[in-house]
Amino acid sequence: MKPSLFRHIGDSSQRSVSERHAASPDSEESDADLLDAYSRAVVRVVETVSPAVVSVVVGTNSPGWRGEQVGAGSGVAVSPEGYILTNNHVVQGAGRIEVRTADGTTLPARLVGADPATDLAVLRADAGDLAYASFGDSGALAVGQLAIAIGNPLGFDSTVSTGVLSALGRAFRSRDGRLIEKIIQHTAPLNPGNSGGPLVDSRGRVIGINTAIIPMAQGICFAVPSNTASWVLPQLVADGRVRRGYLGISGQSQPLPQHLVAALGLSANQAVEVVSVNRASPAGRAGIRPGDLIVAINDTPVVCVDDLHRFLAAWPIAEPATLAVVRNRRRIMLAIIPAEAVACPASG
């Protein structure tokens, strides 16, 4: 009679997890060592980064505004000269701004620049030699790695929460309608007041700026990646804004008939239909008309308005570009010179 399959799986060479655990008297000690290592890593990061994290308090210019606080959030100092990175929605519309450092010092601050399209803003505190944090490379992150959030949720200063990176490359709309891409999703608990605070890795490097939560959800939190912040920061410091191109149209995605795609040799079966055109804009000067179907810009396929936004964010302002447009079932090429978007319009 052949030996039982169950006896084979349970023999000494194929022991169950519980049997192996029972046979390893040092396993509990090993687990404790791992937890101690995890704790030491978090403690080390907090000791390193917390001095650079500030509480941001906003109010109006009216007398006695400190007693009538209208908003609060978090921020992180990114240079010893007093530059502080936070969320745009934390300071938007603020008449006066103060920051409170980890040692309790309160400092006046001013808004240097803001970018609603990425929900980032830069403040400058009236101080020198501030403790500051360094950026990590958000492009090198991996799902599952440790994430530590530091901020001031619900007014509780210097609060720390931990979790893991649960997803990368998320996207959602900013308040001005533009798509923020490469968003980090993580499980380090956030609450109102965490906005603008840093998300850091196990080496104490800032990998994101916490920006949003989903109300009523558990463990679904988001941060603007550090590589985006690194790109936005110097532009806000230099110019107070991020310069992006603007065409002057409003549009919507539109499916294309398959026979038209085949006849014109198009690379996608969707395009952006032009709904309206500002006649004084680059699009108006280029001869774009309502009803035109934009299928490409500089040979980059266009299937939605976000494709135009991506292109214009990287393309030099006032540098000529070429739009491929379908009009009356014919493909035509139009030269266009993007202008600077003054208020980052969401229409493209």
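Here we summarise the structure given alongside this text. Predicted model, so just to flag it, every value in this text is computed and none were measured.

## Thoughts on the overall build of the protein chain
Turning to step 1, where the next piece is worked out: In terms of regular secondary structure, the protein chain is built from 8 helices and 20 strands.
Turning to step 2, where the next piece is worked out: Across the 348 residues in the protein chain, those meeting the buried criterion constitute 45%.
Turning to step 3, where the next piece is worked out: Sequence-distant contacts, at least 24 apart, represent 60% of the contacts inside the protein chain between residues at least 6 apart.
Turning to step 4, where the next piece is worked out: A total accessible area of about 17500 Å² is found for the protein chain, and carbon and sulfur atoms account for 53% of it.

## Brief notes about helix H8 (residues 305–314)
Turning to step 1, where the next piece is worked out: Burial runs high along H8: 7 of the 10 residues are buried.
Turning to step 2, where the next piece is worked out: Inspection of H8 places Val305, Asp306, Asp307, Leu308, His309, Phe311 and Leu312 among the buried residues, and these make up the whole buried set.

## A short note on the sheet that holds strand E6 (residues 120–125)
Turning to step 1, where the next piece is worked out: The strand order around the closed barrel built from 6 strands is E1-E2-E3-E6-E5-E4, with neighbouring strands paired in antiparallel fashion. The sheet shows a mean angle of 40 degrees between the axes of neighbouring strands, taken without regard to direction.
Turning to step 2, where the next piece is worked out: Bridge count between strand E1 (residues 53–59) and strand E4 (residues 96–100): 5 bridges; the pairing is antiparallel. Within E4, the residue paired with valine 56 across the bridge is valine 99.
Turning to step 3, where the next piece is worked out: The strands that helix H5 (residues 226–239) touches are strand E3 (83–86), strand E5 (106–115) and E6; relative to E6, the one it contacts most, it runs at about 50 degrees.

## A few points about the environment of aspartate 129
Turning to step 1, where the next piece is worked out: Summarising the element assignment, aspartate 129 is placed in the loop between E6 and strand E7 (146–151).
Turning to step 2, where the next piece is worked out: Residues aspartate 129 and glutamate 81 lie 48 residues apart in sequence; the distance between their C-alpha atoms is 6.1 Å.

## Description of the sheet that holds E7
Turning to step 1, where the next piece is worked out: Taking strand neighbours around the barrel as the criterion, the 6 strands line up as E7-E8-E9-E12-E11-E10 in a closed arrangement whose pairing is antiparallel. Averaged over all pairs of adjacent strands, the angle between their axes in this sheet comes to 50 degrees, without regard to strand direction.
Turning to step 2, where the next piece is worked out: With 6 bridges connecting them, E7 and strand E8 (residues 159–173) associate as antiparallel partners. From the neighbouring strand, glycine 151 faces E8, where its bridge partner is threonine 159.

## What about the nonpolar core?
Turning to step 1, where the next piece is worked out: One finds Val49, Val76, Leu85, Val122, Ile148 and Ile209 to be the most contacted residues of the largest nonpolar core, which totals 29 residues.
Turning to step 2, where the next piece is worked out: When contributions to this core are tallied by element, the ones reaching two or more residues are helix H3 (27–49), E3, E6, E7, strand E9 (179–186), strand E11 (206–213), strand E12 (221–225) and H5.
Turning to step 3, where the next piece is worked out: Core analysis: the next-biggest nonpolar cluster, separate from the first, contains 21 residues, Val272, Ile294, Val302 and Ile332 among them.

## Observations concerning the pattern of salt bridges
Turning to step 1, where the next piece is worked out: This model, assessed by the stated rule, comprises 8 salt bridges.
Turning to step 2, where the next piece is worked out: Its salt-bridge partner being aspartate 157, residue arginine 100 comes within 3.0 Å of it at the nearest N-O pair. Taken together, the residues span a long stretch of sequence, with arginine 100 in strand E4 and aspartate 157 in the loop between E7 and E8 at a distance of 57 residues.
Turning to step 3, where the next piece is worked out: Judged by relative accessible area, arginine 100 falls into the partly exposed class, the value being 27%.

Cut-offs applied
Residues numbered from 1 in each chain as written. Predicted model: local features only at pLDDT ≥ 70, side-chain atom pairs only at ≥ 80, totals over all residues. Heavy atoms only, no water. Helix = DSSP H or I, 4+ residues; strand = E, 2+ residues; numbered from the N terminus. Buried < 20%, exposed > 50% of the residue type's maximum accessible area, 1.4 Å probe, protein only. Contact = heavy atoms within 4.5 Å. Areas by Shrake-Rupley, 256 points an atom, 1.4 Å probe, with all protein chains shown as cover. Pairing = 2+ DSSP bridges. Axes fitted to C-alpha atoms, helices over the stretch in contact; angles between N-to-C directions. Core = buried A, V, L, I, M, F, W, Y, C linked by side-chain atoms within 4.5 Å. Salt bridge = Lys/Arg side-chain N within 4 Å of Asp/Glu carboxyl O.

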